[in-house]
Amino acid sequence: MKDFISQLNKSFESRIRLGIMSVLMVNESIDFLSLKEMLDASDGNIASHVAALEKAEYLTIEKKFVGKKTSTTYTITPLGREAFNQHLNALEQLLKR
Amino acid sequence: MQFKVLLAMDQKEKDYLQDLTEIRSMMEKSSRFISLSGLAGVFAGFFALAGSISAYYILKNFYIAIWYENDIIQLSKDLVLHLFLVAMAVLFLSLFFGYYFTTKKAKKLGHKTWNKTSQLMLINLAIPLFAGGIFCVSLFLHGNLGLIAPTTLIFYGLALVNGSKFTLNDIKYLGYCEMILGLIATFFIGWGLWFWAFGFGILHIVYGISMYYKYEHKQ
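Computed from a predicted structure; not experimentally measured. (Residues numbered from 1 in each chain as written. Chains lettered and ligands numbered in written order. Predicted model: local features only at pLDDT ≥ 70, side-chain atom pairs only at ≥ 80, totals over all residues. Heavy atoms only, no water.)

Q: Can you walk me through the overall build of chain A in this structure?
A: Check the secondary structure of chain A and you find 5 helices and 3 strands. N-terminal to C-terminal, the α/β element order of chain A is α-α-β-α-α-β-β-α. Principal-axis analysis of the C-alpha atoms gives chain A an extent of 55 × 25 × 20 Å. Once local pairs closer than 6 in sequence are excluded, the contacts in chain A between residues at least 24 apart make up 56%. Total accessible area on chain A is roughly 5700 Å²; 50% of this is exposed by carbon and sulfur atoms. (Helix = DSSP H or I, 4+ residues; strand = E, 2+ residues; numbered from the N terminus. Contact = heavy atoms within 4.5 Å. Areas by Shrake-Rupley, 256 points an atom, 1.4 Å probe, with all protein chains shown as cover.)

Structure follows, in structure tokens:
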């Protein structure tokens, strides 16, 4: 049982991070506003969690200009996908026990 | 002491379960538009039935307006205009009430009506509908009038199957039914209006009511 707990990824401990990763798993990419609407969290809150996930190389951030405004989109990396899948498997195993 | 540890483990387990539920709901919410209301289907069905009935009477009163020329059926411009107006009224009323009930349901669920998922759903519905629409214009110009009603059913069915990936999955089965009905109708030329009334009227109402009881009634 201890094994499974050690397999849980510390990067995904917060609810917001779980939410961000879940959304990215099923969408090719997502922009900041859509992400904010879905997670129902503050700008700063999302930005700090996104930054942490980027540091772990689980997602990439792309900034584009749409007219005069900047639009930020996030995409999951293969590493992020693998890490999240492992985390999901560990969660499932813990509950199956 | 042992009891305390067990209690802590129970708490942990609950957290994991909540994590999984949250992940599942996020994946669903971000990739599918689930605010589509069953009542939209019921109303669209009723308008389609009313439209079919008025089309039936228009055709009955206009029977002299149809004649053959060089083996191609000709319709008087008046008849075409009348039928076109009925079709537009059905379309407009269905869309209006569809939008109304869907925004109402979205508000209740705390979702937005205009977001990434609803856009994806609409685009994916529109692609087969657009192709089908052009195809129907071509059938009309070639005088293949009997095939128009079956064609609208087939392409509408394809549109629903295509759009189902971005909304309630159940809509796929309505799509299959419309498609099969349209294909059957291609073998019964002349009964187009009846197939059309059944497909767009009865099937929408049945589907709408079952969706309403499945997803909205309890809440």
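After that view of the structure, there is still more to cover.
Q: What should I look at first to understand the interface of chain B and chain A in this one?
A: How large an interface is tends to be reported as the accessible area lost when its parts come together. Between chain B and chain A, the contact holds 18 residues from the first and 23 residues from the second. Both faces combined, the contact of chain B with chain A buries some 1900 Å², and carbon together with sulfur accounts for 67% of it. At the boundary of chain B and chain A, one finds 1 salt bridge. For Arg15 of chain A, the salt bridge is made with Asp19 of chain B, and the minimal N-O distance between the two is 2.5 Å. (Buried area = accessible area lost by both parts, 1.4 Å probe. Salt bridge = Lys/Arg side-chain N within 4 Å of Asp/Glu carboxyl O.)

Q: Would you take a moment to explain the packing of helix 3 (residues 32-39) of chain A against helix 4 (residues 43-55) of chain A for this structure?
A: Packed helices, taken two at a time, are described by the angle between their axes plus the distance between the axes. Residues and elements named next belong to chain A. Running from N to C, helix 3 and helix 4 point in directions that differ by 110 degrees, and their axes come no closer than 11 Å. Relative to helix 4, the element helix 3 is oriented roughly perpendicular. Every residue of helix 4 that contacts helix 3 at Phe32, Leu35, Lys36 and Leu39 is listed here: Asp43, Ile46 and Val50. Along the lines of polarity and charge, the residues of the contact of helix 3 with helix 4 split into 5 nonpolar, no polar and 2 charged. (Axes fitted to C-alpha atoms, helices over the stretch in contact; angles between N-to-C directions. Parallel < 35°, antiparallel > 145°, perpendicular 65-115°, else oblique. Nonpolar A, V, L, I, M, F, W, Y, C, P; charged D, E, K, R; others polar.)

Q: Can you help me understand the nonpolar core in this one?
A: The nonpolar side chains of a soluble globular protein tend to be buried, and buried together. Residues Phe12, Ile20, Leu35 and Phe84 of chain A are the most contacted members of the largest nonpolar core, which totals 32 residues. Where this core is concerned, the elements lending two or more residues are helix 2 (15-26), helix 3, helix 4, strand 3 (69-76) and helix 5 (78-96) of chain A together with helix 1 (2-31) of chain B. Here Phe12 of chain A is in contact with Arg17, Leu18, Met21, Leu53, Tyr58, Ala83, Phe84 and His87 of chain A, once residues within four sequence places are set aside. (Core = buried A, V, L, I, M, F, W, Y, C linked by side-chain atoms within 4.5 Å. Buried < 20%, exposed > 50% of the residue type's maximum accessible area, 1.4 Å probe, protein only.)

Q: I keep staring at unusual backbone geometry and nothing clicks. Help me out?
A: Trans peptide bonds make up the majority, and among non-glycine residues the majority have a negative phi. Residues and elements named next belong to chain A. Located in the positive-phi region is Asp40, a residue other than glycine, with phi close to 60 degrees. Relative to the elements of secondary structure, Asp40 occurs in the loop between helix 3 and helix 4. The backbone of Glu57 shows a phi angle near 60 degrees, a positive value even though the residue is not glycine. The topology assignment puts Glu57 in the loop between helix 4 and strand 2 (59-66). Here Glu57 falls in the exposed class, since its relative accessible area comes to 54%.

Q: Sorry if this is basic, but what is going on with helix 6 (residues 171-185) of chain B here?
A: Within an α-helix, residues lying three or four positions from one another point in the same direction, as the helix has 3.6 residues per turn. Residues and elements named next belong to chain B. For helix 6, built from 15 residues, the straight-helix expectation of 21 Å at 1.5 Å per residue is met to within 8% by its first-to-last C-alpha distance of 21 Å. Taken as a whole, helix 6 has its buried residues at Ile171, Leu174, Gly175, Glu178, Met179, Leu181, Gly182 and Ala185. Down the axis of helix 6, the sector holding all buried residues measures 165 degrees, keeping them to one side. Each element contacted by the buried residues of helix 6 is listed here: helix 5 (148-163) and helix 7 (192-216). (Expected span 1.5 Å × (residues − 1). Arc of directions from axis to C-beta.)

Q: Looking at this model, I keep getting lost on helix 5 of chain B. Mind explaining?
A: All names here are of chain B. Between the first and last C-alpha of helix 5 there are 22 Å, a value that for 16 residues agrees with the 22 Å anticipated at 1.5 Å per step. Among all positions in helix 5, only Ala149, Pro150, Thr151, Leu153, Ile154, Tyr156, Gly157, Ala159, Leu160 and Gly163 are buried. Buried residues in helix 5 make contact with helix 4 (116-141), helix 6 and helix 7.

Q: Please explain the side chain of Ser22 of chain A as it appears in this structure.
A: Of note, Ser22 of chain A is situated in helix 2. Looking at Ser22 of chain A, its side chain comes within polar contact range of the main-chain oxygen of Leu18 of chain A, at 2.6 Å. Sequence-distant contacts of Ser22 of chain A, defined by excluding residues within four places in its chain, comprise Phe84 of chain A together with Ile23, Met26 and Met27 of chain B. (Polar contact = N/O pair within 3.5 Å; in protein donor to acceptor, adjacent residues only side chain to side chain.)

Q: Looking at this structure, how should I read the sheet that holds strand 3 of chain A?
A: Two modes of strand pairing occur in sheets, parallel and antiparallel, and in both the strands are linked by backbone hydrogen bonds. Residue and element names in this part refer to chain A. Spatial strand order, 1-3-2: 3 strands in an open sheet with antiparallel pairing. Bordering the open sheet on either side are strand 1 (30-31) and strand 2, each of which pairs with just one other strand. Both strand 2 and strand 3 contribute to a ladder of 8 bridges, which runs antiparallel. Pairing of Lys64 across the sheet is with Ser71, part of strand 3. Across the sheet, helix 2 lies against strand 1, strand 2 and strand 3, angled at about 85 degrees from strand 3, the strand it touches most. (Pairing = 2+ DSSP bridges.)

Treat this as a map of the structure, not an account of what it does.
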